[in-house]
Amino acid sequence: TALESVATKHGDALKKLDGLSTKERREEAKRLGLLTAEEVNAVLHAKENSWVIEPTSGGARLRVDTNQVSSNAPIEDYLAWTPLASNASNRHMFSVFDGHAGYRCAEQLAARMGPMLDKSLDFVAQLAELKKGGKKPEVEAGDKALVKTIRQIEREAGLDWDQVPLALTATFINMDYELVAGALAEFRKQQQLMRMDELLGPAVSGSCGLVAVVDTEAKEVVVANTGDSRALLGVRLKNGSWKAVRLSQDQTADNANEVARMAREHPGEDAVIHRGRVLGGLMPTRAFGDCRYKWPLEAQQDLFPVLYSRGHRYATTPPNYVTPPYVTARPVIVKHLLSDEDKFIVIA
């Protein structure tokens, strides 16, 4: 098949490039043949999937199409979809996680984001009932940090939050805490070198994250974005033409609001945005993982030499590292009420 032909060409190319210097690899790569149009199409279609989600009473029918094309091996980008337990299964989470500096962070997010969001939605609803005189929620030891985050966000804002935006914000913050600070504390407690990659690998790598919660009964979509993934709404106007509506904003140095925020949080540090990147290295100003922009300097000096020797090549301290953390996973939320003209959403 065309895919088998691609695999054969890939294997042959690796053999030709094996053992060559960087300069020699570049020269040899120029002599490698291109894939045929049939082979290119086979690669582009290989991971396409499509399915339909049937509604329960009060909801609407959804069609879901997904695709992935790997630019490296192993692939660093993940997607996840799950029905959420609340709201009679007419509420669904769709997400993409754009990994960088390795796959481990994005892999963890794809596996753990849905279950944690479900818990957040449940706790937020219970806490709302508590304010009305309901009973206090029963919180297991492993969920105390999540509930603490929810309460802290409410106090900081001083406003009544909609439940889904509050749950999403708390989930993003708590997820990053578990991956970065929690994992560091667990490793220091255990001091088991054999678990170093498992515990600290997701912290050294990083990922952007975009989660869209679609509620077909309430007819709303809530998008939480950390990084520079993007969500677009396709709208069919009454005259038959189409328009695209942004449901997210890229969080990079091209975003003036992000640059201003970074300047406020790190006053007097001229290099906080350098060459259009955080400390000259990271493109997104918000991300999961990326402990080289979050851990205290003492922790980096202690652990990075060992992690680097184990193959984590991004276990290095950026220049001008003065007042961490420089990167947050706290998302920017966009809520949109769906109309009959809203036909599809692309997240990528």
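Notes on the structure follow. Just so it is clear, the structure is predicted and the values come from calculations on it, not from any experiment.

Let us now look at the pattern of salt bridges. Using the criterion set out here, one finds 21 salt bridges in the structure. Among the salt bridges present, the one from Lys-9 reaches Glu-39, with a minimum N-O distance of 3.0 Å. One end of the pair, Lys-9, is in helix H1 (residues 2-17); the other, Glu-39, is in helix H3 (residues 37-45), and 30 residues separate them in sequence. Judged by its relative accessible area of 34%, Lys-9 falls in the partly exposed class. Among the residues examined, Glu-39 registers a relative accessible area of 5% and is labelled buried. Each of Glu-258, Arg-261, Glu-265 and Arg-286 takes part in one network of salt bridges that share partners.

Our focus in this paragraph is the environment of Ala-287. Note that Ala-287 resides in the loop between strand E10 (277-278) and strand E11 (288-289). The buried category is assigned to Ala-287, whose relative accessible area is 0%. Residues Ala-287 and Gly-99, spaced 188 residues apart in sequence, show a C-alpha to C-alpha distance of 9.4 Å. Beyond its immediate sequence surroundings of up to four residues, Ala-287 is in contact with His-100, Asp-176, Ser-207, Thr-226, Lys-294, Val-327, Thr-328 and Ala-329.

Moving on, we come to unusual backbone geometry. A cis amide bond links Ala-73 to the next residue, Pro-74, at an omega of 0 degrees. Mapped onto the elements of the fold, Pro-74 is located in the loop between strand E2 (62-66) and strand E3 (77-83). The omega torsion of the bond from Pro-324 to Pro-325 falls at 0 degrees, within 30 degrees of zero and hence cis. Structurally, the position occupied by Pro-325 is in the loop between helix H9 (297-309) and strand E12 (332-337). Positive phi is not limited to glycine here, since Lys-219 has a value of about 55 degrees. Tracing the backbone shows Lys-219 in the loop between strand E5 (206-215) and strand E6 (220-226). By relative accessible area, which is 48% here, Lys-219 ends up partly exposed.

Attention shifts here to a nonpolar patch on the surface. On the surface, Leu-35, Val-40, Leu-44 and Val-69 cluster together to form a nonpolar patch covering roughly 280 Å² of accessible area. With respect to the element layout, Leu-35 can be found in the loop between helix H2 (22-30) and H3.

A few words on the packing of helix H6 (residues 163-190) against H9. Put simply, H6 and H9 touch, their axes get as near as 13 Å, and they point 55 degrees apart. Here H9 runs oblique to H6, going by the angle between their axes. With respect to the hand of their crossing, H6 and H9 are arranged in left-handed fashion. On H9, the residues touching Leu-184, Phe-187 and Arg-188 of H6 are Glu-298, Ala-299, Asp-302 and Leu-303. Partitioning the contact of H6 with H9 into residue classes produces 4 nonpolar, no polar and 3 charged.

All right, on to the sheet that holds strand E8 (residues 242-246) then. Spatially, E8-E7-E13 is the arrangement adopted by the 3 strands of the open sheet, whose pairing is antiparallel. Both edges of this open sheet fall to E8 and strand E13 (342-347), since each of them pairs with a single strand only. Shown here is a sheet whose adjacent strand axes are inclined to one another by a mean of 25 degrees, direction ignored. Strand direction decides the pairing type here: strand E7 (residues 231-236) and E8, joined by 5 bridges, are antiparallel. Directly across from Val-235, in E8, lies its bridge partner Lys-243.

Turning our eyes to something else, we now look at the side chain of Thr-149. Mapped onto the elements of the fold, Thr-149 is located in helix H5 (residues 144-157). For Thr-149, the residues in contact, after removing those within four places along its chain, are Ala-170, Ile-173 and Asn-174.

Cut-off values and rules
Residues numbered from 1 in each chain as written. Predicted model: local features only at pLDDT ≥ 70, side-chain atom pairs only at ≥ 80, totals over all residues. Heavy atoms only, no water. Salt bridge = Lys/Arg side-chain N within 4 Å of Asp/Glu carboxyl O. Helix = DSSP H or I, 4+ residues; strand = E, 2+ residues; numbered from the N terminus. Buried < 20%, exposed > 50% of the residue type's maximum accessible area, 1.4 Å probe, protein only. Contact = heavy atoms within 4.5 Å. Patch = residues over 30% accessible without salt bridge, like charges linked within 9 Å, V, L, I, M, F, W, Y side chains within 5 Å. Areas by Shrake-Rupley, 256 points an atom, 1.4 Å probe, with all protein chains shown as cover. Axes fitted to C-alpha atoms, helices over the stretch in contact; angles between N-to-C directions. Parallel < 35°, antiparallel > 145°, perpendicular 65-115°, else oblique. Left-handed = near helix turned anticlockwise from the far one by under 90°. Nonpolar A, V, L, I, M, F, W, Y, C, P; charged D, E, K, R; others polar. Pairing = 2+ DSSP bridges.

Such coordinate-based values are descriptive only and should not be taken to indicate function.
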